[in-house]
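Observations on chain architecture
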Amino acid sequence: MGPNLFVFKFSTDKEQIEIMKKAPWTVKGYLLAMEIYNPKVPLADAKIIYQNWTVKFRNLQLEHLNVSLIDEIIQDLGEKFAIDPPNAHPRISIMVKARIQMNLTSPVKRGAWLRTTSRGEAWVKYHWEKKPYHICDQCWMVNHSDDNCEKVALQQQLDSMSQRSMKYGVWNKKIMKWKLLLMVIRVPLCRIQVPI
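Definitions and cut-offs
Residues numbered from 1 in each chain as written. Predicted model: local features only at pLDDT ≥ 70, side-chain atom pairs only at ≥ 80, totals over all residues. Heavy atoms only, no water. Helix = DSSP H or I, 4+ residues; strand = E, 2+ residues; numbered from the N terminus. Buried < 20%, exposed > 50% of the residue type's maximum accessible area, 1.4 Å probe, protein only. Contact = heavy atoms within 4.5 Å. Pairing = 2+ DSSP bridges. Axes fitted to C-alpha atoms, helices over the stretch in contact; angles between N-to-C directions. Core = buried A, V, L, I, M, F, W, Y, C linked by side-chain atoms within 4.5 Å. Patch = residues over 30% accessible without salt bridge, like charges linked within 9 Å, V, L, I, M, F, W, Y side chains within 5 Å. Areas by Shrake-Rupley, 256 points an atom, 1.4 Å probe, with all protein chains shown as cover. Salt bridge = Lys/Arg side-chain N within 4 Å of Asp/Glu carboxyl O. Lys, Arg positive; Asp, Glu negative; His and termini not counted. Charge placed at Lys NZ, Arg CZ, Asp CG, Glu CD. 1 Å grid on protein atoms, 1.4 Å probe; cavity = no way out; pocket = protein on both sides within 12 Å on 5 of 7 lines; lining within 4 Å. Points joined across faces, edges and corners; volume = space filled by probe spheres on them. Nonpolar A, V, L, I, M, F, W, Y, C, P; charged D, E, K, R; others polar.

**Overview of the environment of Thr 26**
- Among the structural elements, Thr 26 can be located in strand E1 (residues 25-27).
- By relative accessible area, Thr 26 is classed as partly exposed at 38%.
- When the C-alpha atoms of Thr 26 and Pro 132 are compared, they prove to be 6.1 Å apart, with 106 residues separating the residues in sequence.
- Leave out the neighbours within four places in its chain, and Thr 26 touches Leu 31, Leu 32, Lys 130 and Pro 132.

**Some details on the sheet that holds strand E7 (residues 121-128)**
- On the basis of which strands lie adjacent, the open sheet formed by five strands has the order E4-E5-E3-E7-E6 and antiparallel pairing. Edge positions in the open sheet fall to strand E4 (78-84) and strand E6 (111-115), since each of these has one partner strand only. Ignoring which end each strand starts from, the neighbouring axes of this sheet average 30 degrees apart.
- Pairing analysis gives four bridges linking strand E3 (residues 50-58) to E7, with the strands arranged antiparallel. Bridge pairing links Phe 57 to Tyr 126 in E7.

**Section: the nonpolar core**
- Ranked by size, the top nonpolar core spans 26 residues in total, and within it Phe 57, Leu 60, Ile 70, Ile 100, Tyr 126 and Trp 128 carry the most contacts.
- When contributions to this core are tallied by element, the ones reaching two or more residues are E3, helix H2 (67-77), strand E5 (96-103), E6 and E7.
- With five residues, the top contributor of residues to this core is H2.

**Concerning a positive patch on the surface**
- Together, Arg 58, Arg 110, Lys 125 and Lys 131 make up a region of like positive charge exposed at the surface.
- Its location among the elements puts Lys 125 in strand E7.
- Note on Lys 125: relative accessible area 44%, which makes it partly exposed.

**Observations concerning the layout of surface pockets**
- As a volume, the largest pocket reaches approximately 1300 Å³.
- Forming the walls of the largest pocket are 35 residues, and the residues nearest its centre are Asn 4, Leu 5, Ala 33, Met 34 and Ile 48.
- Those elements giving two or more residues to the lining of the largest pocket turn out to be helix H1 (13-21) and strand E2 (30-32).
- The element best represented in the lining of the largest pocket is E2, accounting for three residues.
- Each residue belonging to the lining of the largest pocket can be placed in one class, and the counts come to 25 nonpolar, six polar and four charged.

If you want it as structure tokens, here you go:
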């Protein structure tokens, strides 16, 4: 169809939907961005600018498990489709996942600083599922351009310095809808004798 442009045909709409749900796809470490074909757009004008992606938020503190805060973070990454779990209170771990639509002309963000209730800060790492491993480690652009790499990398460095002022996590007790319980358990000291 053209350089880096392919058309895939599926036997049923159900197969097509399943493939799109599991996006992004990678081939030999490169992103295979997919979009449903629109016959009204000539193939010469076809550009894939957005990609559906799943991102995991790692190192969240208990006070960050809040839907409104997760939504605020997601707004900076792209358009939200869903978060898992929907109430942002995971049962087993302290990790929340989000399905978003990301703009491929923007750099892949690697994390953000969040405020904590103790007036500290916590770095929350973004783990992008199925991230292509052939991605520039300077500018973090999926749609990499050698001409813009240095400029984009410098801008990201400047943005990260200004974000130390805690862009996210304006937190107060009025927003908190559930309480954190801290339990201290005292265990008596026991001496165990091991037979020799």
